[in-house]
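Below are the chains, spelled out letter by letter.
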Amino acid sequence: MSVNLLDYDAAGLAGLMAQYGEKPFRAKQLMKWIHQRGEPDFDAMTDIAKSFRQKLALDAAVTPPALMAEQIAKDGTRKWLLDVGTGNGVEAVFIPEDDRGTLCVSSQVGCALDCSFCSTARQGFNRNLSTAEIIGQLWWANRRMSLDASRLGDAGLEDNRNGDTRIVSNVVMMGMGEPLANYDNVVAAMKLMLDDNAYGLSRRRVTLSTSGIVPAMDRLREDCPVALAVSLHAPNDRIRDDIVPINKKYPLNQLLAACTRYLEKAPRDFITFEYVMLDGINDSVENARELVALVRDVPCKFNLIPFNPFPNSGYKRSQRDAIMRFRDILINAGYVATVRKTRGDDIDAACGQLAGQVLDKTRRVEKRLAGDAQAIIFHPQNGDL
């Protein structure tokens, strides 16, 4: 079975080269060909000795996830369903803007944390993605977008650095799954994103979003500090226990203390708190004031996210005036607070809508469907009948 070179960060690839009896510079050469130029064909890597290229062709490959489906939204957002084997698919989303191209990357097939307002959680959980399957989303997006640009004759997307046509300028680990629950593979992939011989992104342009696995946050601070976003979504433990169940293990006092520790080595001097706006759940004036008091000791900004609906979610998006009132309370308290612009919702690519194709191993979906069936049996007035 061939080795997938997308599975290796710089240290891993150098170790692999040593096994081949090659010098360390071969690893840098390969990284530039694979990640900067998006080249999967060893024969095209002309500055590498032909004998070694032939050896690689026998033993190794550059194998990103294969495309299963592509959707393009009216606003230009693209969503790709990528095949990760055994009937499973994950989604990656590219969000184009005038001054940047942001890729939302998945880290797991499904998610085990079961946040009640998230479509991914409703799909259950199958497994962690490998490093190759994570970085492969970035590899694939750059290659696909650059090929499309070439067909359209958009020379402005090529920066002329030896054929480097990378288009993604920012990565957010905000797709399917909890990144810190797949710690080793996610960190290896992010190290490739940051490596100057691979994608060369700054730590400020790579953002990891977590629901709050406190021990892993502390590890990340030491191993690979990037910009951090925390899925807060509630101003107190009572609400958060209900909508973000990991809070029962790592309650808010522990989470906020971990945020403060993280800032000791973070590339930004603030934490971004993400807060989905759920009508009648967490969007009242009292909730906003409680939130101000909660974070008073943590340098932070707020990203308010209007809830993006999905079938049978049980939630409604907060009314616009409630969102603006909530935002204004935060701003008047001295915080930067923005309302996230919904992108790609017409193709279910907006925040909280990613579902992919998940063969659930937790039986959570099965149990939920059984519960829904019971609700229909005992409540015949249900509109689903």
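Here the structure is a predicted model, which means the values were calculated and not measured.

1. Some details on the nonpolar core
When a protein is soluble and globular, its nonpolar side chains tend to lie buried together. Membership of the largest hydrophobic core comes to 109 residues, with the highest contact counts inside it found for Leu30, Phe117, Met190, Phe273 and Phe302. Of the residues that make up this core, three or more belong to each of domain 1 (1–59) and domain 2 (64–360). Contacts of Leu30, omitting those with residues within four sequence positions, involve Leu5, Leu13, Met17, Met45, Ile48, Phe52 and Leu56.

2. Overview of the sheet that holds strand 3 (residues 66–72)
Spatially, 3-4-5-6-9-10-11-12-13-14 is the arrangement adopted by the 10 strands of the open sheet, whose pairing is mixed. Two strands close off the open sheet at either side, each with one partner strand: strand 3 and strand 14 (336–339). Shown here is a sheet whose adjacent strand axes are inclined to one another by a mean of 20°, direction ignored. Sheet topology places strand 11 (residues 227–231) next to strand 12 (residues 271–277); three bridges connect them, and they run parallel. Residue Ala229 lies in a different strand from strand 12, and its bridge partner there is Thr272. Packed onto the sheet, helix 6 (residues 183–194) meets strand 9 (170–173) and strand 10 (206–210) and runs at close to 160° relative to strand 10.

3. Considerations on the pairing of strand 5 (residues 89–97)
The side chains of a regular strand alternate between the sheet's two faces. Bridge analysis of strand 4 (residues 78–83) against strand 5 gives six bridges, and the strand direction is antiparallel. Bridging from a neighbouring strand, Leu82 pairs with Val90 of strand 5. Bridge analysis of strand 5 against strand 6 (residues 100–104) gives five bridges, and the strand direction is antiparallel. The residue of strand 6 that forms the bridge with Phe94 is Leu103. Following strand 5, the chain reverses through two residues before pairing antiparallel with strand 6.

4. Overview of the UniProt feature "active site" (unreviewed entry) in the chain
UniProt annotation of "active site" (unreviewed entry) refers to Glu91 and Cys351 when read in the numbering used here. Mapping Glu91 onto the fold places it in strand 5. The exposure class of Glu91 is buried, given its relative accessible area of 7%. Here Lys79 takes part through its side chain, which lies 3.4 Å from a polar atom of the side chain of Glu91.

5. Quick look at the state of the cysteines
Within the structure shown, the criterion is met by zero disulfides. Between Cys259, a free cysteine, and Cys300, which holds the nearest cysteine sulfur, the sulfur-to-sulfur gap is 8.8 Å. Of the residues examined, Cys259 reaches a relative accessible area of 0% and is grouped as buried.

6. Describing the environment of Ala258
With respect to the element layout, Ala258 can be found in helix 9 (residues 252–262). Using a relative accessible area of 0% as the deciding quantity, one classes Ala258 as buried. With 45 residues separating them along the chain, Ala258 and Ile213 place their C-alpha atoms 9.3 Å apart. Contacts of Ala258, omitting those with residues within four sequence positions, involve Val214, Met217 and Asp218.

7. Concerning helix 3 (residues 50–59)
Taken as a whole, helix 3 has its buried residues at Phe52, Arg53 and Leu56. Seen along its axis, helix 3 keeps its buried residues to an arc of 105°; they face one direction. Counted as exposed and oriented over 90 degrees from the buried face of helix 3: Lys50, Ser51 and Leu58. Residues of helix 3 that are buried make contact with helix 1 (10–19), helix 2 (25–36) and strand 2 (60–61).

8. Some remarks on the pattern of salt bridges
If you walk through the whole model with that rule in mind, you get 14 salt bridges. A salt bridge links Arg261 to Asp218, with the shortest nitrogen-to-oxygen separation between them at 3.0 Å. Note that Arg261 is positioned in helix 9 and Asp218 in helix 7 (residues 214–223), a separation of 43 residues in sequence. Between Arg340 and Glu274 there is a salt bridge, with the nearest N and O atoms lying 3.3 Å from each other. With Arg340 in the loop between strand 14 and helix 12 (364–378) and Glu274 in strand 12, this pair connects stretches of sequence that are 66 residues apart. Since its relative accessible area comes to 21%, Arg340 is described here as partly exposed. Judged by its relative accessible area of 4%, Glu274 is buried. Sharing partners across several salt bridges, the network here consists of Asp218, Arg221, Glu222, Arg261 and Lys265.

9. Section: the packing of helix 7 against helix 9
Remark: helix 7 packs on helix 9, axes separated minimally by 9 Å, with the N-to-C direction vectors making an angle of 0°. Between helix 7 and helix 9, the crossing angle belongs to the class labelled roughly parallel. On helix 9, the residues that touch Val214, Met217, Asp218, Leu220 and Arg221 of helix 7 are Gln254, Leu255, Ala258, Cys259, Arg261 and Tyr262. Considered class by class, the residues forming the contact of helix 7 with helix 9 number seven nonpolar, one polar and three charged.

Criteria and cut-off values
- Residues numbered from 1 in each chain as written.
- Predicted model: local features only at pLDDT ≥ 70, side-chain atom pairs only at ≥ 80, totals over all residues.
- Heavy atoms only, no water.
- Core = buried A, V, L, I, M, F, W, Y, C linked by side-chain atoms within 4.5 Å.
- Buried < 20%, exposed > 50% of the residue type's maximum accessible area, 1.4 Å probe, protein only.
- Domains from an automatic or database assignment.
- Contact = heavy atoms within 4.5 Å.
- Pairing = 2+ DSSP bridges.
- Helix = DSSP H or I, 4+ residues; strand = E, 2+ residues; numbered from the N terminus.
- Axes fitted to C-alpha atoms, helices over the stretch in contact; angles between N-to-C directions.
- UniProt positions renumbered as here; feature names shortened; annotations may be inferred.
- Polar contact = N/O pair within 3.5 Å; in protein donor to acceptor, adjacent residues only side chain to side chain.
- Disulfide = S-S within 2.5 Å.
- Arc of directions from axis to C-beta.
- Salt bridge = Lys/Arg side-chain N within 4 Å of Asp/Glu carboxyl O.
- Parallel < 35°, antiparallel > 145°, perpendicular 65-115°, else oblique.
- Nonpolar A, V, L, I, M, F, W, Y, C, P; charged D, E, K, R; others polar.

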